[in-house]
Structure formats: structure tokens, C-alpha cells
Amino acid sequence: MKTIFFLALFCFAGTLAAQNFEISGKVVAPDGSPLESATIYTEKPSDSSLVNYTISERDGSFLLKGNTSAENLNFLISFAGFRPYKQNIKLKENTNLGTIEMEIQDALDEILVTGTRAPISVKRDTLEFNAASFATRPDANLEELLKKIPGVEVDTEGNITVNGKPIQRILVNGKEFFGDDPKIATKNLPKEIIDKIQVTDTKTKSEEFTGKAGDSENQTINIKLQEDKNKGYFARATAGGGTDDRYELSGIGNYFKDDMRISALASSNNINSSGFSFDEVFDMMGRNARMMSFNRGGGFSINGNSFGSSGGITKSETAGFNFVNEWNDKLELSTDYFFGRNDTETRTITERENILPDSRYYSNSENTGNLVNDSHRANARFEIEFDTLTRLSIRPRLNANRGFSARTNTSESLNEGRELINNTQTSNNEEIESNDFSNNIDFIRRFGSRGAYLQVDLSHSHNDQKNENFYYSETNIFRGDQAGETQIQDQYIDEEQKENSFSAGISQRSVLTDNLFLDLSYDFSTAKSTNVRNVFDAENNAYTNINEQLSNDFEVNSQKNIPNLGLNYEGESLRWSTEAGLLNTRLETNNFRDDVSFDNTFNNLYLRANVRYEISKSQNIYFNYRTDANVPSIRQLQPVADRTNPLNILVGNPSLDPAFSQDFRLYYRNFDFATRSGFFGHFSASFTDNNVVAYTTTDDDLVRTTTYTNVDGAMNANAGMNYSKTFKKEARTLGYRFGLSGSYSKNVGFTNAVKFNSKNYGIRPSVRLTYTIEDLVDINPSYNLSYNESKYDINPARNENFMNHTVSLDATTYWPENIVLGNDISYNYFGNVAPGFDNSALLWNISLGYQFLDDDATIKVKVYDMLNQNVDTRRMIGDDFIQDTSNLILRRYAMLSFTYKISKFGGKDPNRNRRRF
């Protein structure tokens, strides 16, 4: 208790001398009309440091709350087109300034008036923050700056939300910074070169050019650099070595000159890191390494092998560059190239309970593998503005991969009495080569300034994947007292899959009124997929005997035609759009080996509708509805058996129909700048007819054969809310976030040829706290609970429920001076995990760094998994199985690293004469 008492005393010491204050009033124009979203803020007269701010309501009223030890404050109001208002106020608990009439600012005033800039400006679709208004450490990066801005949340993985909306991309001076990974910008851009942070609705380049409304449910951050610092460079490099031969090497460099930017990066490590994003405290080691997880139907499986997120230990080497430039406001070029080499070792142990309508059986397996892959990725974007009304964009993209994998698998199946029925051993040595190329051409011609335009889109893609696999398996079938059976497959499999797709669209927008538009469009797309698979059985130590039953030559052709008519309204507070048309889908399959073809045409109603109502600048509601048709994959369609897992045989169904889905989404968001509190709520539902599902049968030898069929009645729904609030007193900030979400899903499927319905319910409350003392400490504890319940109509006795718990603490201290200590602690407990699998773990990562040479150099000691308790145990619950897996993962290691930064902007070294703490 004494420790807690003194900790609390330390945390709140210094606030006793501060006083709370409230300043209220109303902001109006000279004609008496209210000014909504005027920025109201207070500063200390001694150093002009920001104390607090808010924005005015729709009726012009405001309430500014705060806490300060100063006796007097400068009170300021800023609004575009009006002269700044300034008044010195002697503080008291409540101050009512009445009605404040702003004065119109003329052009001469704009030149002559100088003074402090407002910390925030609110425009129609943009929140603009003044970077200088938010105090950070001198060497802070963009991520640390974002954490200081009210309404902005940055989680431990670096994901960003603003007022509850996710950030999709980060631009620098309106242009992408190293592709579409926002973390490269947030971890590497220094605050000292940033002028403004602009938050807007995410728009495509076409929407930016035409002025069409963007995606209001996703956000883009644009970083405007200070004009005098838009010429220069900054770079950083890290080198480290550790126990168990662990190492890290990485570097990134950036050069700016007006509209030109050149960036380059490179890294090499064997600690499961991409090496692109630098964590200020833990470097490439990262935070909150994945330990245990629960999935219901998560991931997917082919031939019994799990794909998607998995464990493993990876050695990676990466290199890349990015070039952006603009010439005479007419031509813009953006291009980048990345090379990556991954060498990944995996091992997975799986225990699975397979549930049939009248019985169950068990299967155990162990998979080991090694994958080595070289990847090349290149992108470019050319944009030409022939004049202010005409624009052409060309965006080619190339991905190429060359890899080799060696995999082994041992598995067995047991009946309900745990008697061995079969076992198998397989090995695969496979070479993989893939090449993907795509190109998109977008032409726009605007007509006048009211929003009318004509747009033509053309796109093409070509994908080619080749696999050469030397495959061997030995399968034993046991039949009690009867003689067993041994099956051997020794094969060479040569497979090539290609897909060519083309799409074209034309759309025209006509202006009906100032805010009402008529859209006419027609979209056409076609795709041709082929799969040629030749399987050769071993004969006389050579692979010359083709296996006709396992070989195939299959083709799928699909087409979509979507003529539609749309009506759009884009008002100041209300926006809505509707599109209605025909969704015509044609699906043709050809089996050339058996000379069998299917050709079907499907017609559905094509609908798009969304409504966005802005109740106030910080409060809005959004609704969206859409329909779509999804064509089955070539793997699901081709009618040839795939026996690369002898105990799980796959056969496609060429008569499948496209799945037709309807999606509903509803969002509500509100962020109150006066109280620093925000609320976000959402609901979504999806209904699918002709859903493609697995149709599985299991024979007496416990060998599964899976094909596919269409079913109706699948649905899922999600709902959730979160509430956050921040308290700020002088240099101390306390915030909390409470979240609650729930989910419901209904699946229709088949197990052993019997149709079933399953229902799953989930509820997930969470709470996260943040406490910060500027330049001293940053503490972030959190707790998450997940409750899951599943019900099955074919086996009610199988109904089950369980809870999972996660507790974490992220704490960073910056005291004593130049010392940075980071602790990242996570504890996970998962219910209902099979015996023999760890169901809890405590992961503790720690970092201790010392900064010197004007904070440009850092020497750091880091320990990953301090207690050596990290595990990767996961439970997957499917409609006809329960599966527990354990993966090979990275375990405890310690590392000593050295980081050095250099920078120079506007001809000056920003580190010279920098304020020290």
C-alpha cells in the first residue's frame, strides 16, 4: 500500500498548485450569424505555449475547460476569413465572455497580421493541426506527435485511428511516402520538419481531381512539411548482435528538394522483422509479439495444411527505393522497387477432433518445412495534366517470386475409441515461380467547375504461377483383424496456372443542381483462368508414366456486365448516393481432358446506396448498402482429384454458381473537443445466397473426400462501440478507452454428406488506459476479454462456450536524462485448450537505451521474451472440427544495438542549439 501511495503522490505532484478554469461564450460574424468550428484556444503569456483548445458548436457557442498554474492566459479565436481575436484573461473558475463579434479580414490584413497560429482548423472535410502547438521531445518522430493530438489513437502495433476512423494511408506533401505502408512514415519522419497534419476522407486520385466525395469511413493523413525544410535529407541506421546468433541490420535515407523526393532502405535480420519500420524503443524487435490466439473458422486449409498467419523463424533481407517528382504542375512520376528474400523454418503440431453427425474421430499431425523465397515488387504511377480539365493516369505494377520449399508431414487418424485406423508420411520438394503484372489507365475530362466529368477506366492483369513438385507418400490403412493396405505415391507434379483479366468502365457525371448529380456508368470485366496439371508416376527410377486420373487441363471464363444509373447529393451536412442497375454474370467452365463444358448466365439486381449526415463538425452518422457476386475459384471448380494429402482428397465442382451477397453497414461517431471525449458505434450484417461451402464425406478408413456445393442462408453480423476520454493537467495526460463488441454468425454446411446449421456468438469487452508525464513517462495498461459460444443443430451435445483473457502493459520512461527504458508485458490465458497444449503465457520484452551525441546516437540493450515463456498455441473451431495447434516460434534472446541518425534541412543542422531536457 505504501508503494501505491507514493506512486500516486508522484504521478499527481505538481498539479495541486494548478487551478481548473472554464471559459464560455459565443462567436458570431458581423451580421450576427453564428460561426461554427471557430478555433478557441488559450496560451501562456510567458512562452506562448498551448494550454488547451476547443471548437465552437453549430450555434457559435463554446466551452473551454482546462487546468493551469498560470494566473493569466491569452485567449484567442481563429476563423478563416476573419481577423484573429486576442484577449488577456485573469483566470477564475468560471468566465463568461458573452457574444464575441469577429471582424472580417481583408487582403491587406492577411499580409500585415502576424501572430500565433491556431492549434487546429476545421474545414469542410479536413481537420488541420499545427504541429508546433503540440509539445514533444526534441527528437520525436511523427508517431509521437500524433499521440499528442486529441482524437488520435496509435496502438502498440502502430495502427492509427482519428476520431474512431482508421487511417488507410499517409501522404507527404500530397504524395505517397514509400508506397502504401503508413508505418514507414510514422516511424521515420522527424517532427522538426513537419508544419501541419491534415486529416481528410480517403480519396482516390480520380476523386481528388474531379472533386467527388471520398470514402468518409476511412481517413488519410497528409503531412505538410515546413517550406524552409522541404530541402534536405535525413537518415538513420541500426546494427545489432545478440545471443543465439540473432542479429539486425537496417538503414533508411531520404532526400527532399521541393517536389522531388528520393528514399532508400535496406535491412537484414533473423528476428522475424520486415525491417521497414523502426520502433523508437524496441527497434525491429517490435512490441506485443503474437503469442496465443483463438480463431473460429480463422485461416483456411488445403489438403489438411494450415495457411495464413502461422509461426516460424524467418531470416529476411530487404532493399528498396522510392522516387517521386513533379514537373511544372503537369507531369508527376512516382515509382518504387522492393527486393525481399525470406528463409523461413516452420514446425506445427496439430491435434484435431473431427465431428460427424453420429460419431467423431481424431487426427494428429506434425508438419515441418523450410521455405526460401526471393521477391521483386515494382510500381510506378505516371500522371499527366494536359490542362486544368484533362488528366491521364497510368499505373503499372509488377510482382515476381522465385522460391523453393521442402515439407514433411506425419499424420494419423484414430476412431472414437482411440484405435489407430490409418497413418501417412509425406514429403514435398517444390520449386515455385510466379509473375504478376497489372496496368491501370484512367482518363478524366472535366466540364466546367461545377463537378461534371467523363471518366474512362481500363485495366489489365496477367498472373502466371508454375510449380514443380517431387512428391512422395506412404499411407497405411489398418482394418482390425483383416489384412491392412499400404498405398505409395511417388510422383512428379508439373502444374501451371494462369489468369488473364481485363476490365473497362465508362462513367459520366452531369450536374442537375449545385449539389445534385446524375451518374451514368457501364462496367465490363472478363477473366480467363487456366490450370494445366500433369502428374507422372515413378517407373524404373524415372517419372515418365502420366497419371490421367490425377492430371487435368481446365479452363474457367467469367464475365460481368454492370450497367447502372446513380443519383448523388453532396451537401454541406447531408450526402447521399444511390446506384441501381443489372449485375449480369456469366460463368463458363471447360474440362479439355474429359471434353465436358458448362455455361451459365446469372442476373441479379445491382445496388449501391450510402447516406452520410453530419450532425456537427465532430458528429456524423453513416449508412451503406451494397450487393455483389463472387465467382468460385478455379480450385473449387476443377473436377479432378488432388491427392497430395492421401487422407484428405479434394475434388472441385464445375457446376458451382457465383455467390450473391448483400452487405449493410451503419456507423455513428462523435468527438467532443471541449471535453476530449469520443464515442464510436457500428453495426454491420452480411447475407449470402449460393455460398460456396465444402461438402465432405468420410469413409470407413477415415479418409476424407471434399468437394464443393452452393447453399443459401449464410449470414454474419457485428456490432460494437467504444468510448474514450482524455484529461490533461499541465504536463500530465490521463486517458481511457472502453470498448464492447459482439458478433453473430450462422453457417450452413455439410459434414459426412449431412446438412447442418451452426451458430456462433461472441462478446468482447476491453479497456485501455494511458498516462503520460511529458518527457518523463508513458504508461499504457489494457485488458481484453473474449467470450465465445457455439451451437450445432446436428449435435446439440457439442455446444460449448469459453473465455479468453489478455492483460498487457506498455511502459516507457525517459528519465534520467538521455536514458530510455521500455517494458512491454503481455499475459494471455485461453480457455478450452486441449490437454498437452500450454493455455497461458507471459511475454516480457524490455529495452534500455542511452542517447548521446545530441541524441543522434543511441546504444541499446534489448531482451525479447525475458521469461522465456512465449508460446504459439491456437484453437480453431470449425463447423465439423475442433483443432489445437502449436507452432515453432522465436524464443528468448538478448541483443545489443547501435543507432545513428543524421539530418539537415533548409541548409541547417536541426540538432544545433536544440533545446535540451
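The paragraphs below set out a description of the structure included in this document. (Residues numbered from 1 in each chain as written. Predicted model: local features only at pLDDT ≥ 70, side-chain atom pairs only at ≥ 80, totals over all residues. Heavy atoms only, no water.)

**Thoughts on the pattern of salt bridges**
Between side chains of opposite charge, a pair can form as their charged atoms come close. Within this structure, the stated rule accounts for 34 salt bridges. In the salt-bridge network here, residues are joined through shared partners; they are E332, R381, E383, R391 and D442. (Salt bridge = Lys/Arg side-chain N within 4 Å of Asp/Glu carboxyl O.)

**Brief notes about empty space enclosed by the protein**
If you walk through the whole model with that rule in mind, you get 4 cavities of 30 Å³ or more. The volume enclosed by the largest cavity comes to roughly 300 Å³. Surrounding the largest cavity, 23 residues form its lining, L127, N163, K165, R612 and K617 being those nearest its centre. Among the secondary structure elements, those contributing two or more residues to the lining of the largest cavity are β9 (126–130), β14 (194–202), β33 (596–616), β34 (619–630) and β36 (659–672). For the lining of the largest cavity, the residue count by class is 6 nonpolar, 8 polar and 9 charged. (1 Å grid on protein atoms, 1.4 Å probe; cavity = no way out; pocket = protein on both sides within 12 Å on 5 of 7 lines; lining within 4 Å. Points joined across faces, edges and corners; volume = space filled by probe spheres on them. Helix = DSSP H or I, 4+ residues; strand = E, 2+ residues; numbered from the N terminus. Nonpolar A, V, L, I, M, F, W, Y, C, P; charged D, E, K, R; others polar.)

**A closer look at the sheet that holds strand β35 (residues 648–650)**
Two strands in a sheet stick together by hydrogen bonds in their backbones, pointing the same way (parallel) or opposite ways (antiparallel). Sheet architecture is open: 3 strands sit in the order β35-β39-β38, paired in mixed fashion. A strand with exactly one partner marks an edge of an open sheet, and here the two such strands are β35 and β38 (691–698). Strand-to-strand twist in this sheet, taken as the mean axis angle between neighbours without regard to direction, amounts to 35°. The sheet contact formed by β35 and strand β39 (residues 704–711) spans 3 bridges and is parallel. What sits directly across from L650, in β39, is T706. (Pairing = 2+ DSSP bridges. Axes fitted to C-alpha atoms, helices over the stretch in contact; angles between N-to-C directions.)

**Here we look at the nonpolar core**
Counting residues in hydrophobic clusters, the biggest one holds 40 residues, and the most contacted among them are F129, L146, L189, I197, I221 and I223. Beyond its immediate stretch of four places on either side in the chain, I197 contacts L127, E128, F129, L142, L145, L146, I149, I221, N222 and I223. With 19 residues, the next largest nonpolar core counts F75, I77, L91 and I100 among its residues. (Core = buried A, V, L, I, M, F, W, Y, C linked by side-chain atoms within 4.5 Å. Buried < 20%, exposed > 50% of the residue type's maximum accessible area, 1.4 Å probe, protein only. Contact = heavy atoms within 4.5 Å.)

**Describing the side chain of T390**
Assignment of secondary structure puts T390 in strand β25 (residues 390–414). One polar contact links T390 to R445, side chain to side chain, over a distance of 2.4 Å. Setting aside chain neighbours within four positions, we find T390 in contact with F209, I384, E385, F443, I444 and R445. (Polar contact = N/O pair within 3.5 Å; in protein donor to acceptor, adjacent residues only side chain to side chain.)

**Digging into the environment of A118**
Looking at where A118 falls in the secondary structure, it is placed in the loop between α2 (107–112) and β8 (120–122). For A118, a relative accessible area of 11% puts it in the buried group. When the C-alpha atoms of A118 and P84 are compared, they prove to be 9.3 Å apart, with 34 residues separating the residues in sequence. In contact with A118, other than residues within four places in its own chain, are T39, Y41, S78, N130 and S133.

**Focus on the packing of aromatic side chains**
The full count for this structure, using the stated rule, is 27 aromatic pairs. For the pair F470 and Y543, a centre-to-centre distance of 5.6 Å together with 65° between the ring planes defines the contact as edge-to-face. Remark: Y543 occurs in strand β30 (residues 542–546) and F470 occurs in strand β27 (residues 452–479); sequence separation between them is 73 residues. The class for F470 is partly exposed, based on a relative accessible area of 41%. Taken together, a centroid distance of 5.1 Å and an interplanar angle of 80° make the contact between F671 and F673 edge-to-face. A relative accessible area of 6% places F671 in the buried class. Among the aromatic side chains, those forming a connected cluster through ring pairs are Y53, F129, F134, F671 and F673. (Phe/Tyr/Trp six-rings, centres within 6.5 Å; stacked < 30°, edge-to-face > 60°.)

**Re the sheet that holds strand β2 (residues 39–43)**
With respect to topology, 4 strands assemble into an open sheet ordered β3-β2-β5-β6, the strand pairing being antiparallel. The strands lining the two open edges of the sheet, one partner per strand, are β3 (50–55) and β6 (85–90). Looking at each pair of strands side by side, their axes are set apart by 20° on average, direction ignored. Pairing geometry for β2 and β3, over 5 bridges, is antiparallel. When the bridges of β3 are listed, T42 appears paired with N52.

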